[in-house]
Amino acid sequence: MEPQWIRVVFRRRLLIISLILVQLAFILFVIAGTDRVFRYVDFFLRAFSVAVCVYILNKKEKSAYKLTWIFLILLFPLFGGAVYAFFHTQSSPRKLRRHMDKANRRYRPLFLPAGESVLPQLAAEHPECLPQVHYLQEYAGFPVYKRTQTTYFNSGESFFARALEELEKAETYIFLEFFILREGKMLNPILDILTKKARQGLDVRVIYDDLGCFMSLPPAFNNTLESRGIKCMVFNPFKPILSSHQNNRDHRKIVSIDGKTAFTGSMNLADEYINARERFGHWKDAAIMLHGDAAWSLTLIFLHMWNLERSEREQDDAASFYPWKEADGTIAACPVASDGYVQPYADSPLDKENVGEHVYIQIINNAKKYVYINTPYLVVDDNLLSALTLAAKSGVDVRIITPYRWDKKIVAIVSRSYYRQLIQAGVRVYEYSAGFNHSKTFVSDDRAATVGTTNLDFRSLYLHFECGVWMYNTQSVAGVKEDFLTILPGCKEITLKDCSRNAAQRVVQDVLRIFAPLM
């Protein structure tokens, strides 16, 4: 018999969906009007749609988004322009953007509390990667660090085992930020440790995305956590109100322990990520652990989100969480030995700066020998498509592993629509035969790699809050490459023959690609 909370959850979800449908019906009724006034409403709305198309063409935005919206407006000229205006002239995103800008100015100096930058040293030793590092540090605001050790995990199982060990060592605070939580064999042991640490007096906090957990958590799960002494923030609560703000989800995955050790990667805290529950075959994932200076960067990214919409009086003194201090409280040097260069970064849909995309493109453009990519989705815009195909045409060994079994059928159809163009350019595309490849990793030339949360799709690249870690000459770069080459023999390489399509399939893929930015 199903638990009572599942029935409650579905009733709540059904109510929200019903209210949204009612709002859509009301909007259409208002637009259509009555027969007497329809003639005037029709003229006005069509003229408004033309004006909106002109506005879209001149707007600084991805061309794929422009094409999608103009196509929709042409398809529905009566109310297409009104729908665009409704979703793009709301106050909530603008208000949140102001909060974000203010927080960025406040937090940026804290990433280097002692004011010491290793950028000049990197520029002297490795000028070839200076454009990547300079962009992330001087423009995006995420410094590069040296005094850090990195450990790469090639599965959710290995990440989970190490995370439990590190959580038990916590002495001051534990911060967790995830897109999906689901009670079970993975989440429950972690919550037990968090509860124990909270009762010992540690500052324990959890952020989870409301829409990400829409179908996975009982109602008011945040209250359950609070009752166990765990502070909780539900990001962007999903409301039955038509709003473009609901598109901006917190897709980050962060574990910070005392600011000295931190994890990020592609897995959430649910049983399928450690293959304790089977979904879409074997679940392949990846994560990175940082110990040292760079862990502080992920800690600040968490605190930035935690305090984003809080009043000045409620906000933390983020600098007080810095872990490396002398007995008198002054800033001390991190004692951890260096393992190459490490640069954590975050991406936000509110600043119009596509950090995750730029990291990927620079890795591709800087590659001289190879680029190996793991991604669960392959729905890219012209910039990434051009970078991938140009690299392959220039003699770089470009290989991409996607899933064989997909979690979203429509996204799978669209992803596979890109195969032919990539393969014709020389990119080698593989599908992970054992099941679902959820890893998001890039590695290039035995020197550079990134591990994080950003998928190769429009939603992840441009609409979600994301994070990752870029590395240069660290031991984990070899780990990312070895992981890719280890699973490669168990993958099926896609050929042009595999991409052959009949007329009906071609039409479906071509139409779906138009709507790719909205998926």
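## Concerning the overall build of the protein chain
Argument step 1. Counting its secondary structure elements, the protein chain contains 18 helices and 17 strands.
Argument step 2. For the protein chain, the proportion of its 519 residues judged to be buried stands at 55%.
Argument step 3. In the protein chain, the share of contacts with a sequence separation of at least 24, taken over all contacts with a separation of at least 6, comes to 81%.
Argument step 4. Carbon and sulfur atoms provide 58% of the accessible area of the protein chain, an area that totals close to 22600 Å².

## Remarks on the side chain of Asn236
Argument step 1. Within the element layout of this structure, Asn236 appears in the loop between strand E4 (231-235) and strand E5 (254-257).
Argument step 2. A polar contact of 3.0 Å, which involves the side chain of Asn236, links it to the backbone oxygen of Asn248.

## Details of empty space enclosed by the protein
Argument step 1. Applying the stated criterion across every chain, the model contains two cavities of 30 Å³ or more.
Argument step 2. Around the second largest cavity sit Phe159, Phe178, Lys253, Ile254, Val255, Phe263, Thr264, Gly265 and Met267, which together line it.
Argument step 3. With three residues, strand E6 (residues 261-265) is the single largest residue contributor to the lining of the second largest cavity.
Argument step 4. Of the residues contributing to the lining of the second largest cavity, the split by class is six nonpolar, two polar and one charged.

## Notes on unusual backbone geometry
Argument step 1. Its identity as a non-glycine residue notwithstanding, Asp258 has a phi of 60°, on the positive side.
Argument step 2. Residue class for Asp258 comes out buried when judged on its relative accessible area of 10%.

## Considerations on the nonpolar core
Argument step 1. Of all hydrophobic cores here, the largest spans 154 residues; its most connected members are Leu176, Leu181 and Leu194.
Argument step 2. Residues within four places of Leu181 in sequence aside, it is in contact with Leu187, Val206, Tyr208, Cys213, Ser216, Leu217, Phe221 and Leu269.

## Regarding helix H9 (residues 187-199)
Argument step 1. End to end, H9 covers 18 Å across 13 residues, agreeing with the expected 18 Å (1.5 Å per residue, within 8%).
Argument step 2. Turning to H9, its buried residues number three or more, namely Leu187, Ile190, Leu191, Ile193, Leu194, Thr195, Lys197 and Ala198.
Argument step 3. With its phi angle positive at about 105°, Gly201 sits one or two positions after the end of H9.

## Thoughts on the pairing of strand E14 (residues 441-444)
Argument step 1. Here E14 shows no split at all, with Thr441 and Val443 on one side and Phe442 and Ser444 on the other all buried.
Argument step 2. Relative to strand E15 (residues 448-452), E14 runs antiparallel, the two sharing four bridges. Residue pairing for E15: Ser444 is matched across the bridge by Ala448.
Argument step 3. Connecting E14 to the next strand, E15, in antiparallel fashion are three residues, including Asp445 with a positive phi near 55°.

## Observations regarding the pattern of salt bridges
Once their charged atoms are close, side chains differing in charge can pair, the charge on each being opposite to the other.
Argument step 1. Tallied over the full model, the rule gives 20 salt bridges.
Argument step 2. For Glu166, the salt bridge identified is with Arg162, shortest N-O distance 2.9 Å. Taken as a pair, Glu166 and Arg162 lie in helix H8 (residues 156-168) at a separation of four residues, close to a single helical turn.
Argument step 3. Look at Glu166 and you get buried, because its relative accessible area is 7%.
Argument step 4. What makes Arg162 partly exposed here is its relative accessible area of 26%.
Argument step 5. With its nearest N and O atoms 2.6 Å apart, the salt bridge here joins Asp316 to Arg205. A residue pair is termed long-range when its members are at least 10 positions apart, and Asp316 in the loop between helix H11 (293-306) and strand E9 (341-347) and Arg205 in strand E3 (residues 203-209) qualify at 111 residues.
Argument step 6. Assessed through its relative accessible area of 2%, Arg205 is described here as buried.

## Things to note about the sheet that holds E4
Argument step 1. Strand order across the open sheet formed by seven strands is E1-E8-E6-E5-E2-E3-E4, with mixed pairing between neighbours. Both edges of this open sheet fall to strand E1 (148-153) and E4, since each of them pairs with a single strand only. Across the sheet, the mean angle from the axis of one strand to that of its neighbour is 10°, orientation sign disregarded.
Argument step 2. Two elements, E6 and strand E8 (residues 287-292), share five bridges in a ladder whose sense is antiparallel. In the sheet register, Thr264 faces E8, and the bridge partner there is Ile288.
Argument step 3. Here H11 sits on the sheet in contact with E1, strand E2 (173-178), E3, E4, E5, E6 and E8, set at roughly 65° to E2.

## Description of the sheet that holds E14
Argument step 1. Spatial ordering of the open sheet is given by E9-E16-E15-E14-E10-E11-E12-E17, a layout of eight strands whose pairing is mixed. Pairing within the sheet leaves two strands with one partner each, and these edge strands are E9 and strand E17 (491-493). Put simply, the sheet's adjacent strands are angled 20° from each other on average, direction ignored.
Argument step 2. Sheet topology places strand E11 (residues 397-403) next to strand E12 (residues 428-432); five bridges connect them, and they run parallel. Looking at E12, one finds that Thr402 is bridged to Glu431.
Argument step 3. Contacts from helix H7 (residues 130-139) reach E9 and strand E16 (466-472), with the element oriented near 50° to E9.

Parameters at a glance
- Residues numbered from 1 in each chain as written.
- Predicted model: local features only at pLDDT ≥ 70, side-chain atom pairs only at ≥ 80, totals over all residues.
- Heavy atoms only, no water.
- Helix = DSSP H or I, 4+ residues; strand = E, 2+ residues; numbered from the N terminus.
- Buried < 20%, exposed > 50% of the residue type's maximum accessible area, 1.4 Å probe, protein only.
- Contact = heavy atoms within 4.5 Å.
- Areas by Shrake-Rupley, 256 points an atom, 1.4 Å probe, with all protein chains shown as cover.
- Polar contact = N/O pair within 3.5 Å; in protein donor to acceptor, adjacent residues only side chain to side chain.
- 1 Å grid on protein atoms, 1.4 Å probe; cavity = no way out; pocket = protein on both sides within 12 Å on 5 of 7 lines; lining within 4 Å.
- Points joined across faces, edges and corners; volume = space filled by probe spheres on them.
- Nonpolar A, V, L, I, M, F, W, Y, C, P; charged D, E, K, R; others polar.
- Core = buried A, V, L, I, M, F, W, Y, C linked by side-chain atoms within 4.5 Å.
- Expected span 1.5 Å × (residues − 1).
- Pairing = 2+ DSSP bridges.
- Salt bridge = Lys/Arg side-chain N within 4 Å of Asp/Glu carboxyl O.
- Axes fitted to C-alpha atoms, helices over the stretch in contact; angles between N-to-C directions.

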